[in-house]
Structures are given as structure tokens and as C-alpha cells.
Amino acid sequence: MKGKTGRPVPGRRTVLRTLALGAAAAALARPALARGGPAGPARVVVVGGGFAGTACARALARSGVAVTLVEPSPVFTACPFSNAVIAGLRGIEGQRFGYDGVRRDGVAVAYRAASRVDAENRRVILDDGSALEYDRLVMAPGIDMRFDALPGYDAAAAEAMPHAWKAGEQTLLLRRKLEAMEDGGVFVMAVPANPYRCPPGPYERASLIAHYLKTRKPRSKLLVLDAKDAFSKQRLFQAAWQALYPGLIEWIPLSEGGKVTEVDPGTGTLVTEFGEHRADVANVIPPQRAGSIAIAAGVADRTGWCPIDPVTFESRLQPNIHVIGDAAIAGGMPKSAFAANAQAKACAAAVETLLRGEAPAPPKLINTCYSLVAPDYGISVAGVYAPAKGLLADVEGAGGVSPAEAPASFRTREAAHAQAWFDTVTAETFG
Amino acid sequence: MRTAIAMGLVLLAGAPAAGAPAPAGAEACTGCHAVRPGQNSAGSIPSLAGRSAGDITSAMLAFRTGKGDPTVMDRIAKGFDEAEIRAIADWIAGQR
């Protein structure tokens, strides 16, 4: 937008953003929301600064809500594309993002861990003992590993057999082990049953590690021990493995003894229902659940995940607490960064509407997950979702995976789109 | 004069008021596509900033039938009916 003098004229959003420098100023950008009145503007606390929580906090601040984001780490390390970091195709720096952008939009960031939630008095207690009061709380705690679910696999075992399922030090640890493995070694992956973060992620990882082995250590083998008989984009992955990495990847499904029942980090052994496998490098992706704070807040059910209302994302178990992202039971929506981003914006709109004392309209959501099977070979799965029968259900006739038969140029375009999506969504969320 | 008022009303009906809530599905678009003028989508994904509502609607309706050389947009467009597509297109075109 240019004025007569040729200088940029601030758009409405720029003006709003300038106003929204602090929480108090942000409240001036719009009339005080419901529950404001003498007590001041409505307050929302968001717990968790990943794709879901950060996007939700930012959207709320832009609509004039006073919002505090609670996140202990000043640097977020993104999971999408972290498989390319493990395979030596990309540096970890490109995965790291900070919170300056959301702070510029008026989000107050508390660099603290939330230690508990006092739902009755609507307060989040932080690890320094201080408390944040809220009218509505949004929880986006992501996942935690279930270190009680697989015998032999605890936090200490994750140093010997990294999961690398939260990006950061674990990603770099697994990369170093892959780099140190001798040519002719056996790399073993253990993959859990559903549900877990990023359904196609283990198979993208297998693909990119195979790419690394083929180019650097061609006498090596990759064994994938799976607790399932079917997986996301399976036909596309398997066709690509056969074409690009013949004989390199062996996938053992549940019905053929793929489920890992015990590990021994001392000897690098993975035990399955049918036998034992010795790994030179083991990557154990264990069963998961919602992040610990969700359990502490009482928003997770017996499954370890959080049931929600599909229109408002409000917890089925605790009023005034909303759950988004990987921790939520989101019906047909997978636990992906794209889904987290879409849920964040829909949840922010619902929370803002509820604070005004109105009823939110049913949302419609989209997911697209790209996977790389080689640096220039991308495949995708997409879906469209709407509330139905109390869940976020797939809209029939929409969605699905990339075509089974497609020219190389189609796979190259999807690989480029994967990168473009990552750059755009991280700029929208953290930029 | 009456015609002018009528046209004004039509225009108002077509362009959502600034700050109006996004129609269902609209905000999911911005995970991939830039929609605000001056903003650009990264790399290979087209920016929608500054596109007219008519252009966006035509593209989406073509994608629903597999036309327009889509990779993923055919699979996504099939999840929206024509009224939803028009509402989303109006919202994107109305971004400032």
C-alpha cells in the first residue's frame, strides 16, 4: 500500500499491531470483551509455545484479547523437516524459532513452565509459584513420551536409543549416531501403534535415512519394526522405497512380529513377539500421550489424550479450558503441525466469540501433510474436516493422498511445496 | 441515485466488513498461502494476496473438477461447496 508521497501507508493491521504493544494497549484495540467491565478486559492464558499455542496466542492478540503465552523455552525447535536434519540434508538452525514476532503483536510471553492448573479458581500456577488468572485457558502442551509403556525404555534409555520425536538435542543425537555408524551396519527403527504425533513421520524418516545410507554407507541395512499392519501413505512410500532404495529398507508389520515389546539399551537389542534384533543404531519411537500438564489439569482421559468439543475445542472434562494440537482428540484430524495451526486459528475465533458472550459458528478445518521420500521427491495426504456427531469428522469426497501414478515432475513439485508450506507456516506463526 | 445506493448495498454484501469473522475454513488457507497485500507466500506456493474474489472462486471451482493442474488443491477444494468457496474468496479478497 503506497500513499501519494510514495511512502508506505500503514494498513489497518499495522495500526492495530502498533496499538497492541502491550496487553493493556491490546485491550484498547477493541471494546472490552465480556467479563471485562470493572474487572478489566478478558484474559486468556495459552500454555505451550509450539505450532498450536503460538498461532492461537497470536490470533487472539490480533483480535484485541489480553493474552499470555506460557512457554519455558525461549527457542522453539520445529519437528517438520527434522528428519532431513537427521539425514544430513539440512542444519538444525532452520528448525529454530523465537517469540519476538508474537511479542510484537502484543502477546505477553512468560518463559516459565506451568506446573499446575487450578480450574476452580481459573488460575495457572507457574514453576516459580506465581499464578496467572484467566477467563479462558488454551492448552497446547503437545506430547510426552510414555516412559512406562515399553519395558527397558525410560528417559535414560533415550540417550542410547534416541526417539528424536521431539526436535532438538534428540534430533542431533540420532544424527551423530547415524554418522558414526560403520558402513554395513544395521539401523533399526521401532514404530508405535496409533495414535502418535505425525502419523507418516516414521516412514519419512525411514526414507531419508535410506537416502543417507544409499549415498554414504551403501552396505548398510534399515529395519523398521512396526506395531501396525498399515500406515499413512503406505502404497506411495512402499512404491518409492522399491524404486529408490531397493533391498535397503525392510518393513516388518505387526502381523509378522514387528511389535517391539522390550528393549535393552545396554546391548542395543530390540525384542519383538517373534524374536530379537541387534541394532548398531536404534531409533525407538515409544508410545505417547498428551503433555504432562494436560494430565495435571485433568483434561486428559484414560487414553492419555484430551477429548474436546469440535466447535469450540473446549475440554469435555473441564469448563473454560480449551485443548488444541497434538494433545487433543481431534477425530479424523491427524496430530500434525498443519492441523495444529488450523485448530489454533479456529480455537482463537471460538474463544473470542465466547468471551463476547456469543455462540461460535461450526468451523471447517484443513490438513495437509507432506513427506519427503528423497530430497526432490515429495508426497502428501490432505483432508477437510467439520464437526459431526461430536467429533471433527472427515468431509466425505474430499482429501486423500497423492496419485499413485504421477510423473517425476509431480513429486518434485510436492517436495517444493513441502518446503514452501514450512516457510509460510513458520513465518505466519513465529515471524 | 437509487441505482447508486443499490450498487453500494450490493458491494457491501459482496465485501465483508473489515474485521468480520472469517467464514468457515478461510483461516486454514493461510497456513500455506499469503493473503494480506504486501505479504508473499514462500517458494512454490502461489500467494493469494491482492487476487480478486472472482479469480479465487474460479480457480477453486476448477480444482474441484481436477482442472487447473493441481497437486493437492483438488483434494482440498472438494471439501467445500460453492457458497463456502465464495465466502472464503470474498474474505481473502477483503484482507487489508
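Quantities reported herein were computed from a predicted structural model and do not represent experimental measurements.

It is worth spelling out the overall build of chain B at this point. Within chain B, the secondary structure is distributed over 4 helices and 0 strands. Along chain B, from the amino end to the carboxyl end, the secondary structure elements read α-α-α-α. The long-range share in chain B, meaning contacts at least 24 apart out of those at least 6 apart in sequence, stands at 51%. Working note: accessible area of chain B is about 5,100 Å², and carbon and sulfur atoms make up 60% of it.

Counting across every chain of the model gives 17 aromatic pairs over all chains. Put simply, the rings of A:Phe51, A:Phe76, A:Phe81, A:Phe97, A:Tyr99, A:Tyr111, A:Phe338, A:Trp421, A:Phe422 and A:Phe430 pair up and form one aromatic cluster. Positioned above the aromatic ring of A:Trp305, the side-chain terminus of A:Lys335 is 4.0 Å from the ring centre. Against the face of B:Phe80 rests A:Lys364, its NZ or CZ located 4.9 Å from the ring centre.

Our next topic: the confidence of the model for chain A. Residue and element names in this part refer to chain A. In this model, chain A carries an average pLDDT of 92, and 91% of its residues clear a pLDDT of 70 or more. Across residues 1-32, where pLDDT falls below 50, the model places 40 contacts with residues more than four positions away in sequence or in other chains. Within the model, the stretch residues 34-38 combines pLDDT values under 50 with 10 contacts to residues more than four positions away or in other chains.

All names here are of chain A. Structurally, the position occupied by Gln 419 is in helix H12 (residues 408-430). Residue class for Gln 419 comes out partly exposed when judged on its relative accessible area of 26%. Residues Gln 419 and Phe 81, spaced 338 residues apart in sequence, show a C-alpha to C-alpha distance of 8.4 Å. Residues within four places of Gln 419 in sequence aside, it is in contact with Phe 81 and Arg 90.

As a further point, take the packing of helix H7 (residues 169-180) of chain A against helix H8 (residues 201-216) of chain A. Residue and element names in this part refer to chain A. At a closest axis distance of 11 Å, the pairing of H7 and H8 adopts a crossing angle of 35°. Handedness of the H7/H8 crossing: right-handed. Residues Leu 174, Leu 178 and Glu 179 of H7 lie in contact with H8, whose contacting residues are Arg 205, Ile 209, Tyr 212 and Leu 213. Of the residues contributing to the contact of H7 with H8, the split by class is 5 nonpolar, no polar and 2 charged.

The next thing to look at is H8(A). Because an α-helix completes one turn every 3.6 residues, residues spaced three or four positions apart along the sequence face the same direction. All names here are of chain A. Look at H8: 22 Å from first C-alpha to last across 16 residues, which is about the 22 Å you get at 1.5 Å a residue. Of all 16 residues making up H8, 12 are buried, and the element is well covered by its neighbours. By the burial criterion, the buried members of H8 are Gly 201, Pro 202, Tyr 203, Glu 204, Arg 205, Ala 206, Ser 207, Leu 208, Ile 209, Ala 210, Tyr 212 and Leu 213.

Parameters at a glance
- Residues numbered from 1 in each chain as written.
- Chains lettered and ligands numbered in written order.
- Predicted model: local features only at pLDDT ≥ 70, side-chain atom pairs only at ≥ 80, totals over all residues.
- Heavy atoms only, no water.
- Helix = DSSP H or I, 4+ residues; strand = E, 2+ residues; numbered from the N terminus.
- Contact = heavy atoms within 4.5 Å.
- Areas by Shrake-Rupley, 256 points an atom, 1.4 Å probe, with all protein chains shown as cover.
- Phe/Tyr/Trp six-rings, centres within 6.5 Å; stacked < 30°, edge-to-face > 60°.
- Lys NZ or Arg CZ within 6 Å of the ring centre and 35° of its normal.
- pLDDT = per-residue confidence, 0-100.
- Buried < 20%, exposed > 50% of the residue type's maximum accessible area, 1.4 Å probe, protein only.
- Axes fitted to C-alpha atoms, helices over the stretch in contact; angles between N-to-C directions.
- Left-handed = near helix turned anticlockwise from the far one by under 90°.
- Nonpolar A, V, L, I, M, F, W, Y, C, P; charged D, E, K, R; others polar.
- Expected span 1.5 Å × (residues − 1).

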